[in-house]
Amino acid sequence: MPFLTKDAVQDFDDVVFARRTRYGGTPLSRENLAALLWRTAYCLQDQPLDQRIHAKRKPVISAGARHPIDIIVIERSPSMDLSTKLYDDLNHSLLTLDIASGAVRPLWDMASMAAKGTCSTLCWFVAQVGKTAGKYEWPDSLIWRDAGALLQQFSLVSHALSLGCVPLGPTGNPGIDDIFRSNGTLFGVGGCFVSELQA
Ligand SMILES: Cc1cc2nc3c(=O)[nH]c(=O)nc-3n(C[C@H](O)[C@H](O)[C@H](O)COP(=O)(O)O)c2cc1C
């Protein structure tokens, strides 16, 4: 693996040391959303271990390479309707989910309040506990650390792309289980607003 050039390290330093939480802004263009998801959640390699469990390689670290966290993208239309999409990490595409606007409104409102009124593009992290539990006896703490790593990646990549990012404290529970009627197999592990900022 080649070493980075000094210029590349300087560019990396520029991102690492200037990164900040930035509020406000407008929803992401499709192009910037794609650029962000590509560098945070795209699956570079997918290795099925059995019928259910896969080991994946992604830009972020994950305990046991299980990558249990899916990204849900929630956007608000000019008429204030909320649409929910799932990032397909294998095909680098968004799948529209059949979820009523009203079902995600409490999550949106709570997130926006936590982000000082920011109402841009909401990326929520939804964990499939079974993926990590398939390998480890006590999966919760590992999943939370995966969530922290993912949040940091969103924050750094957003900055590199000149986008705003507000990490969020609410976990999304019990809302996520209600929205997906998952019987406890899915739970929210936080998320962030990402935004286009004025130059
Ligand atoms: C786990 C976590 C939860 C956070 N929750 C919120 C939040 O709910 N609202 C908010 O405005 N900022 C939130 N933040 C952002 C922090 O307040 C912010 O990172 C901190 O003030 C340092 O500022 P900086 O990101 O600009 O360096 C959160 C950050 C983390 C890591």
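Residues numbered from 1 in each chain as written. Predicted model: local features only at pLDDT ≥ 70, side-chain atom pairs only at ≥ 80, totals over all residues. Heavy atoms only, no water.

Going by the annotation in an unreviewed UniProt entry, the name recorded for the protein is Nitroreductase family protein, with Noviherbaspirillum saxi given as the source organism.

Draft legend 1. Seen up close, the state of the cysteines. A complete count under the given rule lists zero disulfides for this structure. Summary of cysteine pairing: cysteine 119 is not part of a disulfide, and the nearest cysteine sulfur, belonging to cysteine 123, is at 14 Å. For cysteine 119, a relative accessible area of 24% gives the class partly exposed. Here cysteine 123 is not disulfide-linked; the sulfur of cysteine 192 is the nearest cysteine sulfur, at 5.2 Å. (Disulfide = S-S within 2.5 Å. Buried < 20%, exposed > 50% of the residue type's maximum accessible area, 1.4 Å probe, protein only.)

Draft legend 2. Representation of the site of the ligand. Taken together, the neighbourhood of the ligand is formed by Arg19, Arg20, Thr21, Tyr23, Ala114, Val166, Pro167, Leu168 and Gly169. In the model, an oxygen atom of the ligand is placed 2.6 Å from a nitrogen or oxygen of the arginine 20 side chain. Contact distances for the ligand include 2.9 Å between a nitrogen atom and a backbone N or O atom of glycine 169. Within the complex, 55% of the 620 Å² of free accessible area of the ligand lies under protein. Here the element with the most residues in the shell around the ligand is strand 7 (residues 163-168); it accounts for three residues. In terms of residue class, the shell around the ligand is built from five nonpolar, two polar and two charged. (Near = heavy atom within 4 Å. Polar contact = N/O pair within 3.5 Å; in protein donor to acceptor, adjacent residues only side chain to side chain. Areas by Shrake-Rupley, 256 points an atom, 1.4 Å probe, with all protein chains shown as cover. Helix = DSSP H or I, 4+ residues; strand = E, 2+ residues; numbered from the N terminus. Nonpolar A, V, L, I, M, F, W, Y, C, P; charged D, E, K, R; others polar.)

Draft legend 3. Spatial organisation of empty space enclosed by the protein. For the structure shown, the criterion picks out one cavity of 30 Å³ or more. One number sums up the size of the largest cavity: a volume of about 80 Å³. Considering the residues around the largest cavity, the lining is formed by Thr40, Ala41, Lys58, Val60, Ile61, Ser62, His67, Pro68, Ile69, Asp146 and Leu150. The class makeup of the residues in the lining of the largest cavity is six nonpolar, three polar and two charged. (1 Å grid on protein atoms, 1.4 Å probe; cavity = no way out; pocket = protein on both sides within 12 Å on 5 of 7 lines; lining within 4 Å. Points joined across faces, edges and corners; volume = space filled by probe spheres on them.)

Draft legend 4. Region of interest: the sheet that holds strand 6 (residues 121-128). Taken together, the six strands give an open sheet; going across it, the order is 5-4-3-6-8-7, and neighbouring strands pair in antiparallel fashion. Pairing within the sheet leaves two strands with one partner each, and these edge strands are strand 5 (93-96) and strand 7. Here the strands of the sheet are splayed against their neighbours by 30 degrees on average, with no regard to which way each runs. Pairing analysis gives four bridges linking strand 4 (residues 82-88) to strand 5, with the strands arranged antiparallel. The residue bridging leucine 86 from the neighbouring strand is leucine 95, located in strand 5. Running over the sheet, helix 3 (residues 101-114) touches strand 3 (69-76), strand 4, strand 6, strand 7 and strand 8 (186-196) and is turned about 85 degrees from strand 4. (Pairing = 2+ DSSP bridges. Axes fitted to C-alpha atoms, helices over the stretch in contact; angles between N-to-C directions. Contact = heavy atoms within 4.5 Å.)

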